[in-house]
Amino acid sequence: MILEKVAYGQKSVLRQLMELYKYDFSEYELDDVNEQGYYDYPYLDHYWTEDGRYAFFIRVDGKLAGFALVRALRVDTEGNTIYSIAEFFVMKKFRRMGIGSEVAISLFDMFPGIWRVGQIENNASSQLFWRKVISEYTDYNYEEGRRDDGEGPLQTFKSNRSNGA
């Protein structure tokens, strides 16, 4: 598994993968396609125009297997950057192989600080995945609460490792 930063010239590839993700996710959210047949993702351009946003392709054996979008939310009073997983997608072909866990751990290590990882209420498989990964990563040293919008669980923990972003 390789995490590869998405270059601006690869934005159309990420946009296409985002469509697959949004289609998969449509069973949990009520988004509809627009008149051009796309789900659209209004924040995509922000990953090249705003500081604190990071887009990565996930590659397995050189093949595109998904993507991860990370967002730095703010810096707390102790100087820790607070990060979140904005979007996370592993294509079905590559699921249940440990790739998602490997990607998540790589991201936590790459961005040391406070992490807030939320899921939507009715996506039970996502909740199970994130609780398992975060439990193993932190040795159960995390807090569980609710997302700011109240629409699902949120795990908060500190990552101290660093492999450089």
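Scroll up a little and you will see the structure.
Here is a short report on the structure shown in this document.

Calculation rules
- Residues numbered from 1 in each chain as written.
- Predicted model: local features only at pLDDT ≥ 70, side-chain atom pairs only at ≥ 80, totals over all residues.
- Heavy atoms only, no water.
- Helix = DSSP H or I, 4+ residues; strand = E, 2+ residues; numbered from the N terminus.
- Expected span 1.5 Å × (residues − 1).
- Buried < 20%, exposed > 50% of the residue type's maximum accessible area, 1.4 Å probe, protein only.
- Contact = heavy atoms within 4.5 Å.
- Salt bridge = Lys/Arg side-chain N within 4 Å of Asp/Glu carboxyl O.
- Phe/Tyr/Trp six-rings, centres within 6.5 Å; stacked < 30°, edge-to-face > 60°.
- Lys NZ or Arg CZ within 6 Å of the ring centre and 35° of its normal.
- Polar contact = N/O pair within 3.5 Å; in protein donor to acceptor, adjacent residues only side chain to side chain.
- Pairing = 2+ DSSP bridges.
- Axes fitted to C-alpha atoms, helices over the stretch in contact; angles between N-to-C directions.

A word on helix α4 (residues 124-138)
Here comes step 1: Between its first and last C-alpha, α4 extends 21 Å over 15 residues, near the 21 Å set by a 1.5 Å rise per residue.
Here comes step 2: Among all positions of α4, only S126, Q127, W130, V133, I134, S135, Y137 and T138 are buried.
Here comes step 3: Buried residues belonging to α4 abut β4 (81-90), α3 (99-110), β5 (113-118) and β7 (153-159).
Here comes step 4: Once α4 ends, the next one or two residues include D139, with phi positive near 55°.

Let's talk about the pattern of salt bridges
Here comes step 1: Going through the model one piece at a time under the given rule, you end up with 10 salt bridges.
Here comes step 2: Across the pair R116 and D148 runs a salt bridge whose closest N-O atoms are separated by 2.9 Å. One end of the pair, R116, is in strand β5; the other, D148, is in the loop between β6 (143-146) and β7, and 32 residues separate them in sequence.
Here comes step 3: Under the relative-accessibility criterion, R116 is labelled buried at 16%.
Here comes step 4: For E136, the salt bridge goes to K132, with nearest N and O atoms at 3.1 Å.

Notes on the packing of aromatic side chains
For any pair of aromatic rings, geometry is given as the distance between the ring centres together with the angle between the planes.
Here comes step 1: For the coordinates displayed, the defined rule picks out 17 aromatic pairs.
Here comes step 2: Judged by centre distance (5.7 Å) and plane angle (65°), the rings of Y21 and F89 are edge-to-face. One end of the pair, Y21, is in helix α1 (residues 11-25); the other, F89, is in strand β4, with 68 residues separating them in the sequence. We note that Y21, like F89, is buried.
Here comes step 3: Here the aromatic cluster, defined as three or more aromatic residues joined through ring pairs, consists of Y54, F56, Y83, F88, F108, F111, W115, F129, W130, Y137 and F157.
Here comes step 4: Sitting above the plane of the Y47 ring, R53 keeps its charged end 5.2 Å from the centroid.

Describing the side chain of S159
Here comes step 1: Relative to the elements of secondary structure, S159 occurs in strand β7.
Here comes step 2: S159 sits in the buried class, given a relative accessible area of 1%.
Here comes step 3: Of note is the side chain of S159, whose polar atom sits 2.5 Å from the backbone oxygen of F108.
Here comes step 4: Residues in contact with S159, not counting those within four places in the same chain, are F108, D109, F111, P112, G113, W115 and Y137.

A few points about the environment of G9
Here comes step 1: Looking at where G9 falls in the secondary structure, it is placed in the loop between β1 (2-5) and α1.
Here comes step 2: By relative accessible area, G9 is classed as exposed at 70%.
Here comes step 3: Residues G9 and M97, spaced 88 residues apart in sequence, show a C-alpha to C-alpha distance of 30 Å.

Re the sheet that holds strand β2 (residues 53-60)
Here comes step 1: Taken together, the seven strands give an open sheet; going across it, the order is β1-β2-β3-β4-β5-β7-β6, and neighbouring strands pair in mixed fashion. Strands with a single pairing partner mark the edges of an open sheet, and in this sheet they are β1 and β6. In this sheet, adjacent strand axes meet at a mean angle of 30° when their direction is disregarded.
Here comes step 2: In this structure, β4 lies alongside β5, joined through three bridges in parallel fashion. Bridged to S84 within β5 is R116.
Here comes step 3: The sheet strands contacting α1 are β2, β3 (63-75) and β4, and the helix crosses β3 at an angle near 90°.
Here comes step 4: The sheet contacts of α3 involve β1, β2, β3, β4, β5 and β7, and relative to β4 the element is tilted by about 160°.

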